[in-house]
Amino acid sequence: MQDFKKSVVYQIYPKSFLDTNGDGLGELRGVTQKLDYLKELGVDYIWLTPFFVSPQNDNGYDVADYRTIDPRYGTMEDFEELAQQANRRGIRLMLDMVFNHTSTEHIWFQKALAGDPVYQDYYIFRPARPDGSAPTNWQSKFGGSAWEYAPQVGKYYLHLFDKTQADLNWENPAVRREVQQIVRFWMDKGVKGFRFDVVNLISKGEYADDDQGDGRRFYTDGPRIHEFLQELNRESFGQDPEIVTVGEMSSTSMENCFRYAGADCGELSMVFSFHHLKVDFMGNEKWVIVPADFGRLKELLFSWQEGMAAHNAWNAVFWCNHDQPRVVSRFGDEGEYWKKSAKMLAGVIHGLRGTPYVYQGEELGMTNAGFTRLEQYRDVESLNHFQILRDKGLSEESVYNILKIHSRDNSRTPMQWTAGENGGFTTGTPWINVNPNTSRINAASQVEDPDSIFAYYKALIRLRKEYDVFAYGDFAPVDQKHPSVLAYRREYKGQSLLCVNNFYRAGCRWHCPMLLEGYRVLLSNYSDSTPAADWELRPYESVLLIRE
Ligand code: TEU
């Protein structure tokens, strides 16, 4: 049975992975074509973002049919071929289940609009206030009100995301049964992993005005969330001990994650939490550019590591996904120290206690989009906020400068396979522009290069399998207050792993607070790292040391 603690998950955004039919969109056949590349990297699972029937307002996170492959991505036969070919290579599939909401084009919502009371109770319809305004002052995470008026019904419906993504009513047992049946449908197809999208938002509390914020305190980690997850576990994926599950937990608390991912809680295998990826936000506001707070980053990363370990709960550990900017652009260096910083950032994550997730292109050091014009952006969240910021009076240039850093499109530009046209992603016109730096950053130039970022990720993934301390070790911060070094220690049955990272471009002299006797360099992004009690750490120097 696959041990998810020794495993690494590779996230694929199929739309931007590989186009094999020249329509400018990636599809499932493209994933199948690149399985040997993924096998070479050494990953154990591939998480596929949604490829089900969808109008694509949110690139598939607006599902209109959970059991049918959207023709843009191929056919069920293509999926079954992918599953079979992946299985032959020891790679398992993790599907992305979006159950907080459906597309407003889903037949359930269409029946609700047509007046069917059974399906109106599948969603969250509420009457307008006496003055005709929305039922509460809650705000959508994509900007604007979280309520949209449906004249066919004469009520508002709730949408925590885009207005084309209507929230499901999980209080309705019929909705929960539908969800269970959908999971079982994909289990019957041999799927051994599920990612549940914003699953900690499914239980809503009271529908009241929020005089303290945007309403998230009424539905985040809601009143029945643990009951709902335990029921879903019991009635579907929990019936197969081989299945691995991960919950995306938006704005969650650590205390709830102790239960979501607690080994004996009967909910999920692990969780994504995002607090460490808000250290360059102003509070929860991502659309204001502030310098990253390194001290806060370490405080969050380390407290979650220690807290989850103390409660026998498991983390997904990651920097990147399809919603986040590229980490080498965000926390590393795109210039002189591009390779060193990309490898350092990888070392930080892959030594942690948790299952590492690698987002497509992260293993190549792919950077933010490199767009020069607002017209190049595609993401509904970015386009909604573009209009909100313009309505606030910001110039197009100011809006561009914000999107350039925080837009989700930064991670959605096509995979850079070659230095050739469109980076080898498509022979057609790509749905979103390929980063011009594909001439320099691409798989073809790295797979055979022992000094490449690809080779470094491959080594880290291999080490997790070779040394049990990566998977089963405890966690302890080292010198947490240091202004530029991120260091920690893992211990397991006589194996001791020390991970030391200079997080910055400036070299620094670091007084190691622990004895280095018996340790040897396991992996470093410099060929000649020489650990010492008073250690001259070079720009972005990252060293993993082992004592056994
Ligand atoms: O993301 C949840 C979410 O909160 C994202 O909006 C993300 O945190 C934010 O955009 C960061 O700025 C999930 C999916 O990963 C995302 O792609 C979907 O758009 C969203 O849910 C709705 O399904």
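Conventions adopted
- Residues numbered from 1 in each chain as written.
- Predicted model: local features only at pLDDT ≥ 70, side-chain atom pairs only at ≥ 80, totals over all residues.
- Heavy atoms only, no water.
- Helix = DSSP H or I, 4+ residues; strand = E, 2+ residues; numbered from the N terminus.
- Rg over C-alpha atoms; globule rule 2.2 N^0.38 Å.
- Buried < 20%, exposed > 50% of the residue type's maximum accessible area, 1.4 Å probe, protein only.
- Contact = heavy atoms within 4.5 Å.
- Pairing = 2+ DSSP bridges.
- Polar contact = N/O pair within 3.5 Å; in protein donor to acceptor, adjacent residues only side chain to side chain.
- Phe/Tyr/Trp six-rings, centres within 6.5 Å; stacked < 30°, edge-to-face > 60°.
- Salt bridge = Lys/Arg side-chain N within 4 Å of Asp/Glu carboxyl O.
- UniProt positions renumbered as here; feature names shortened; annotations may be inferred.
- Near = heavy atom within 4 Å.
- Areas by Shrake-Rupley, 256 points an atom, 1.4 Å probe, with all protein chains shown as cover.
- 1 Å grid on protein atoms, 1.4 Å probe; cavity = no way out; pocket = protein on both sides within 12 Å on 5 of 7 lines; lining within 4 Å.
- Sits in = over half its atoms within 2 Å of the grid points.
- Arc of directions from axis to C-beta.
- Points joined across faces, edges and corners; volume = space filled by probe spheres on them.
- Nonpolar A, V, L, I, M, F, W, Y, C, P; charged D, E, K, R; others polar.

Visitor: I tried to follow the overall build of the protein chain on my own but got confused; where do I start?
Guide: Helix and strand counts for the protein chain come out as 15 helices and 22 strands. Against the globule reference of 24 Å for 548 residues, the protein chain gives a C-alpha radius of gyration of 23 Å, in line with a compact fold. Seen along its three principal axes, the alpha-carbon backbone of the protein chain occupies a region of about 75 × 55 × 50 Å. Counting every position in the protein chain, which comprises 548 residues, the buried fraction comes to 62%. Sequence separation of 24 or more characterises 70% of the internal contacts of the protein chain that already satisfy a separation of 6 or more.

Visitor: What's the story with the sheet that holds strand E12 (residues 244–248) in this structure? I'm lost.
Guide: Where strands meet in a sheet, backbone hydrogen bonds hold them as pairs that are either parallel or antiparallel. Spatial strand order, E13-E12-E11-E5-E2-E1-E15-E14: 8 strands in an open sheet with parallel pairing. Strand pairing shows two members of the sheet lacking a second neighbour, strand E13 (270–272) and strand E14 (316–317), which therefore form its edges. Bridge analysis of strand E5 (residues 92–97) against strand E11 (residues 193–196) gives 4 bridges, and the strand direction is parallel. By the bridge assignment, Met-97 is partnered in E11 with Phe-196.

Visitor: Would you explain the environment of Trp-287 in this entry?
Guide: Summarising the element assignment, Trp-287 is placed in the loop between E13 and helix H9 (294–310). Excluding its chain neighbours within four sequence positions, the residues that come into contact with Trp-287 are Glu-381, Ser-382, His-385, Ile-402, Leu-403 and His-406. At 3.3 Å, the side chain of Trp-287 and the side chain of His-385 are in polar contact.

Visitor: Help me understand the packing of aromatic side chains in this model?
Guide: Any aromatic ring pair is given by two values, namely how distant the centres are and how the planes are angled relative to each other. Tallying each qualifying case throughout the model produces 48 aromatic pairs. Here the aromatic rings of Phe-51 and Trp-186 are separated by 6.4 Å at their centres, their planes lie at 90°, and the arrangement is edge-to-face. You can see Phe-51 sitting in the loop between strand E2 (45–48) and strand E3 (52–53) and its partner Trp-186 sitting in helix H6 (residues 173–187), a full 135 residues away along the chain. Look at Phe-109 and Phe-125: their rings are 5.9 Å apart centre to centre, the planes differ by 15°, and that puts the pair in the stacked class. Pair noted here: Phe-109 is in helix H4 (residues 107–113) and Phe-125 is in strand E7 (residues 125–126), with a separation of 16 residues, a long-range link.

Visitor: What is the right way to look at the pattern of salt bridges in this model?
Guide: It is possible for side chains bearing opposite charge to pair when their charged atoms get close. Enumeration according to the criterion identifies 42 salt bridges in this entry. Arg-89 is the salt-bridge partner of Asp-36, the closest N and O atoms lying 2.6 Å from each other. Of this pair, Asp-36 sits in helix H2 (residues 35–41) while Arg-89 sits in the loop between helix H3 (76–88) and E5, placing them 53 residues apart in sequence. Three or more residues are tied together by salt bridges with common partners; here these are Asp-58, Lys-286, Asp-323, Asp-379, Glu-381, Arg-408 and Arg-412.

Visitor: Could you clarify how one ought to interpret the UniProt feature "domain: Glycosyl hydrolase family 13 catalytic" (unreviewed entry) in the protein chain in this entry?
Guide: Per the UniProt entry, the sites bearing "domain: Glycosyl hydrolase family 13 catalytic" (unreviewed entry) are residues 11–412 in this numbering. Taken end to end, residues 11–412 is 32% helix and 13% strand, and its first and last C-alpha atoms sit 12 Å apart.

Visitor: Help me understand the site of the ligand in this model?
Guide: Near the ligand lie 17 residues; those nearest to it are Asp-58, Asp-197, Lys-286, Asp-323 and Arg-408. Contact between the ligand and Arg-195: an oxygen atom at 3.2 Å from a side-chain N or O atom of the residue. In the model, an oxygen atom of the ligand is placed 2.9 Å from a nitrogen or oxygen of the His-322 side chain. In the complex, 92% of the free accessible area of the ligand, which totals 490 Å², lies under the protein chains. Of all the cavities here, the one that holds the ligand is the largest pocket.

Visitor: Hey, could you run me through helix H13 (residues 396–406) in this one?
Guide: Residues spaced three or four apart along an α-helix point in a common direction, a consequence of the helix completing one turn every 3.6 residues. Among all positions in H13, only Val-399, Tyr-400, Ile-402, Leu-403 and His-406 are buried. All buried residues of H13 lie within an arc of 165° about the axis, which places them on one face of the element.

Visitor: Is there a simple way to think about empty space enclosed by the protein in this case?
Guide: In this approach, a probe sized like a water molecule rolls over the atoms, and the result shows the empty space that is left. Applying the stated criterion across every chain, the model contains 2 cavities of 30 Å³ or more. Every residue lining the largest cavity is counted, 13 residues in all, and those nearest its centre are Ser-273, His-276, Leu-301, Trp-304 and Ala-316. Among the secondary structure elements, those contributing two or more residues to the lining of the largest cavity are H9 and E14. Looking at which element gives the most residues to the lining of the largest cavity, the answer is H9, with 4 residues. When grouped by side-chain class, the residues that make up the lining of the largest cavity number 8 nonpolar, 5 polar and no charged. Counted as a void, the second largest cavity has a volume near 50 Å³. Cys-320, Arg-326, Val-327, Val-328, Ala-342, Glu-362, Gly-365, Met-366 and Tyr-457 together form the lining of the second largest cavity.

Visitor: Which parts of the structure should I look at to understand the sheet that holds strand E9 (residues 155–158)?
Guide: Spatially, the 3 strands line up as an open sheet ordered E7-E9-E8, and their pairing is antiparallel. Strands at the two margins of the open sheet, each flanked by one partner only, are E7 and strand E8 (147–150). Strand direction decides the pairing type here: E8 and E9, joined by 4 bridges, are antiparallel. In the sheet register, Glu-148 faces E9, and the bridge partner there is Tyr-157.

Visitor: What am I meant to see in unusual backbone geometry here?
Guide: Residues apart from glycine generally show negative phi values, whereas peptide bonds are mostly found in trans. Phi at Asn-59 takes a positive value of approximately 50°, unusual for a residue other than glycine. Relative to the helices and strands, Asn-59 resides in the loop between E3 and strand E4 (65–69). Looking at Asn-59, the relative accessible area reads 7%, which means it is buried. Non-glycine residue Asn-422 carries a positive phi angle of around 55°. Looking at where Asn-422 falls in the secondary structure, it is placed in the loop between H13 and helix H14 (453–466).

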